[in-house]
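Listed below are the residues making up each chain.
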Amino acid sequence: MQEILNIILSTEGTDAGAACSILAALADVDVPPTYRGMVVRAQDAAMFDGLASRDKDPRKSLQLMDIPTPPLGPGEALIVVMASAVNYNTVWTSIFEPVSTFKFLKKYARSSDLARKHDLPYHVVGSDAAGVVLRTGPGVTKWRPGDQVVAHCLSVELEDATGHDDTMLDPEQRIWGFETNFGGLAEMAIVKSNQLMPKPAHLTWEEAAAPGLVNSTAYRQLVSHHGAQMKQGDTVLIWGASGGLGSYATQLTLNGGATPVCVVSSPEKAELCRRMGATLVIDRNAEGFRFWKDENTQDSDEWRRFGERVRELTGGEDPDIVFEHPGRETFGASVYVAKRGGTIVTCASTSGYLHQYDNRYLWMNLKRIIGSHFANYREAWEANRLISRGAIHPTLSKTYALEHTGQAAYEVHRNAHQGKVGVLCLAPTEGLGVRDEALRAKHLDAINTFRGR
Ligand SMILES: NC(=O)c1ccc[n+]([C@@H]2O[C@H](COP(=O)([O-])OP(=O)(O)OC[C@H]3O[C@@H](n4cnc5c(N)ncnc54)[C@H](OP(=O)(O)O)[C@@H]3O)[C@@H](O)[C@H]2O)c1
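Residues numbered from 1 in each chain as written. Predicted model: local features only at pLDDT ≥ 70, side-chain atom pairs only at ≥ 80, totals over all residues. Heavy atoms only, no water.

Quick notes on the overall build of the chain
Looking only at helices and strands, the chain has 15 helices and 20 strands in total. A globule of 453 residues ought to have a C-alpha radius of gyration of about 22 Å, and the chain, at 22 Å, matches this closely. Taken along its principal axes, the extent of the C-alpha atoms in the chain is 65 × 50 × 40 Å. Out of the 453 residues in the chain, the part that is buried amounts to 59%. Across the chain, the fraction of contacts at a sequence separation of at least 24, relative to all contacts at a separation of at least 6, is 73%. Accessible surface, the chain as shown: approximately 18,200 Å² in total, 50% of it carbon and sulfur. (Helix = DSSP H or I, 4+ residues; strand = E, 2+ residues; numbered from the N terminus. Rg over C-alpha atoms; globule rule 2.2 N^0.38 Å. Buried < 20%, exposed > 50% of the residue type's maximum accessible area, 1.4 Å probe, protein only. Contact = heavy atoms within 4.5 Å. Areas by Shrake-Rupley, 256 points an atom, 1.4 Å probe, with all protein chains shown as cover.)

Written out as structure tokens, the structure is:
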């Protein structure tokens, strides 16, 4: 592993072309027989039984382990991971909710000979990565050892016809590092080659690793024809606007000529939204919005008060699009505040998946609810292209060493983080991997908006 790292580090200060020629030497380096990775263990799956969700502590379940390097199959690539990021799915895996992810691994393993290797008593987690290709499996033609890449997290088989219009509809669609093994929170990872995309040259490894999952998800949810098809001039209500998904939804909204109404829960988060360029911000905590009177009863007066507040900010406009993910706690309000004919687009249910809303507001006002999940390769590629061009920026607030991933996941679970939390995997320090200093200099302030927050 040290030899690999030395080769990668020897590219520091070179431009993209020179780095590429140096990194081609990785083709001749032996593949390390083991690597360090963050895992949850099957034997721990019941460790939090009986505890409330918020008391389940990822620091107790996430462990650093030496992983035997798995064999590389057709269409796959073994990548050296310089940096990764914490996504909420690693929180779900680490607290074994809503189900243990070992169920996913077992099911996948039953599907083919190639997939059998995923069924192990440990699950290497993580759905983002920036790094370098070390080896490619049979049949891979687009990528070579030495390519600097980021990986998106869509794993598909595409043997079934249903996946060939929109690959997210493949019945064998999985999220890498959540529903498959050998994920990105590790020094190496196995991906399908059609998960690879060029690493944005102006970013460090940890900055490049931060946007992948959430930026692609927000892109499909908000911009794609599979999602809400946002257009110039739209008003977009964004829950958790400085969080993982929300910080990209806010940028995509501004970049697309629409107006975000950002909802957050603290003055610091409100300030981050303003620093991204948003002007309409609601601090749900400071303004005391409580959409539920008790566990079973929603408060429609609060929906109204919230709607009035949105109109006050927008000059009388209701949201064309509501960007949903908190779920049960906010969904009734989201359906209520969307414009007549508007769209509520949802990709998650952090606060509970059994939603309740007043259907009269939906049908009488011809609103639509769209379910959205990650992104297909094309959408992930488009989202990554916006990052590469400096139109959308990473929202990395801080990074942790690989062995402290549990602490990073704990902070995300407790909603104590800002934007994205990065993890250094093989990269020994922050700040490495930049190949285009000129583009970086142009966007440095925007790239650093969330840093140190
Ligand atoms: N389907 C997919 O493909 C997909 C992809 C990515 C993520 N997800 C899911 O989406 C959810 C959010 O992910 P993320 O990465 O954005 O997480 P995150 O970084 O924790 O951000 C979520 C934000 O939502 C807000 N929030 C949390 N609970 C809330 C509540 N009860 N009411 C109102 N706002 C609330 C918080 O902002 P404030 O406290 O500032 O309001 C928080 O910053 C997770 O459940 C995740 O698993 C799904």
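From this point, things continue past the structure.
Some details on the layout of surface pockets
Looking at the second largest pocket, its volume works out to about 160 Å³. Every residue lining the second largest pocket is listed: Ala16, Cys20, Gly146, Asp147, Gln148, Pro198, Lys199, Ala201 and Arg435. Looking at the lining of the second largest pocket residue by residue, the classes come out as 4 nonpolar, 2 polar and 3 charged. (1 Å grid on protein atoms, 1.4 Å probe; cavity = no way out; pocket = protein on both sides within 12 Å on 5 of 7 lines; lining within 4 Å. Points joined across faces, edges and corners; volume = space filled by probe spheres on them. Nonpolar A, V, L, I, M, F, W, Y, C, P; charged D, E, K, R; others polar.)

A look at the nonpolar core
Grouped together as the largest cluster of nonpolar side chains are 110 residues, with contacts concentrated most on Ile8, Leu26, Ile79 and Leu196. Among the elements that make up this core, the one with the highest residue count is strand S3 (residues 76–85) (7 residues). Excluding its chain neighbours within four sequence positions, the residues that come into contact with isoleucine 79 are Ala129, Val132, Val133, Leu134, Val149, Ala151, Glu187, Met188, Ala189, Val191 and Leu196. (Core = buried A, V, L, I, M, F, W, Y, C linked by side-chain atoms within 4.5 Å.)

A word on the site of the ligand
Taken together, 25 residues sit near the ligand, with Ser265, Arg284, Thr350, Phe374 and His417 positioned nearest. The side chain of serine 265 places a nitrogen or oxygen atom 2.6 Å from an oxygen atom of the ligand. Here an oxygen atom of the ligand sits 3.3 Å away from a polar atom, N or O, in the side chain of lysine 269. When the ligand sits alone it has 900 Å² of accessible area, and the protein chains cover 90% of it. The set of elements that each furnish at least two residues to the shell around the ligand consists of helix H4 (88–94), helix H7 (212–222), helix H8 (244–255) and helix H11 (328–337). With 3 residues, H7 is the single largest residue contributor to the shell around the ligand. (Near = heavy atom within 4 Å. Polar contact = N/O pair within 3.5 Å; in protein donor to acceptor, adjacent residues only side chain to side chain.)

So, the pattern of salt bridges
What the rule picks out here adds up to 26 salt bridges. Salt-bridge contacts for glutamate 187 lead to arginine 36; the nearest nitrogen and oxygen are separated by 2.9 Å. Here glutamate 187 is found in the loop between strand S8 (174–175) and strand S9 (188–192), whereas its partner arginine 36 is found in strand S1 (residues 34–41), with 151 residues between them in sequence. Owing to a relative accessible area of 8%, glutamate 187 belongs among the buried residues under this scheme. (Salt bridge = Lys/Arg side-chain N within 4 Å of Asp/Glu carboxyl O.)

Points about the sheet that holds strand S17 (residues 343–346)
Taken together, 6 strands build an open sheet; the order of strands is S13-S12-S11-S16-S17-S18 and the sheet is parallel. Single-partner strands in this sheet number two, and they are strand S13 (280–283) and strand S18 (368–371). The sheet shows a mean angle of 20° between the axes of neighbouring strands, taken without regard to direction. (Pairing = 2+ DSSP bridges. Axes fitted to C-alpha atoms, helices over the stretch in contact; angles between N-to-C directions.)

Brief notes about empty space enclosed by the protein
For the structure on display, the rule yields 2 cavities of 30 Å³ or more. Taken as a whole, the largest cavity holds about 100 Å³ of empty space. Residue lining of the largest cavity: 16 residues in total, with Val150, Ala208, Pro211, Gly212 and Asn384 positioned closest to the centre. Ranked by residues supplied to the lining of the largest cavity, first place goes to helix H13 (residues 377–388) with 4 residues. For the lining of the largest cavity, the residue count by class is 11 nonpolar, 4 polar and 1 charged. Space inside the second largest cavity adds up to approximately 60 Å³.

Side note on the packing of H7 against H13
At a closest axis distance of 8 Å, the pairing of H7 and H13 adopts a crossing angle of 115°. In terms of their interaxial angle, H7 and H13 are classed as roughly perpendicular. Viewed along their axes, H7 and H13 form a crossing whose handedness is right-handed. Along its contact with H7, which presents Asn215, Ser216, Tyr219 and Arg220, the element H13 presents Glu379, Ala380, Glu382, Ala383, Asn384, Leu386 and Ile387. (Parallel < 35°, antiparallel > 145°, perpendicular 65-115°, else oblique. Left-handed = near helix turned anticlockwise from the far one by under 90°.)

Brief notes about helix H9 (residues 267–276)
Of all the positions in H9, only Lys269, Ala270, Leu272, Cys273 and Met276 are classed as buried. For H9, the angular spread of buried residues about the axis comes to 155°, placing them on one side. Elements that come into contact with the buried residues of H9 comprise H8, strand S12 (259–264) and S13. Trailing H9 by a residue or two, glycine 277 shows a phi angle of about 115°, which is positive. (Arc of directions from axis to C-beta.)

As for helix H14 (residues 405–413)
Each α-helix turn comprises 3.6 residues. Residues three or four places apart therefore point the same way. With respect to burial, H14 is a largely interior element, 7 of its 9 residues being buried. Positioned one or two residues after H14, asparagine 415 has a phi angle of 55°, which is positive.

As for the packing of aromatic side chains
Tallied over the entire structure, the rule returns 13 aromatic pairs. Both rings, one in phenylalanine 48 and one in phenylalanine 96, keep their centres 6.2 Å apart while their planes meet at 45°; by these two values the pair is tilted. One end of the pair, phenylalanine 48, is in the loop between S1 and helix H3 (58–61); the other, phenylalanine 96, is in the loop between H4 and helix H5 (102–111), and 48 residues separate them in sequence. Here the two residues phenylalanine 48 and phenylalanine 96 agree in accessibility, since each one is buried. Between tryptophan 239 and phenylalanine 291, the aromatic rings sit 6.0 Å apart at their centres with planes inclined by 85°, giving edge-to-face as the arrangement. Taken together, the residues tryptophan 239 in the loop between strand S11 (235–238) and H8 and phenylalanine 291 in the loop between S13 and strand S14 (292–294) connect sequence positions 52 residues apart. Ring pairing ties together the aromatic residues Trp239, Phe289, Phe291 and Phe306, which thus form one cluster. The ring of tyrosine 410 carries arginine 59 above its face, with NZ or CZ at 3.6 Å from the centroid. Between lysine 199 and the ring centre of tryptophan 205, over which it is positioned, the NZ or CZ distance is 5.2 Å. (Phe/Tyr/Trp six-rings, centres within 6.5 Å; stacked < 30°, edge-to-face > 60°. Lys NZ or Arg CZ within 6 Å of the ring centre and 35° of its normal.)

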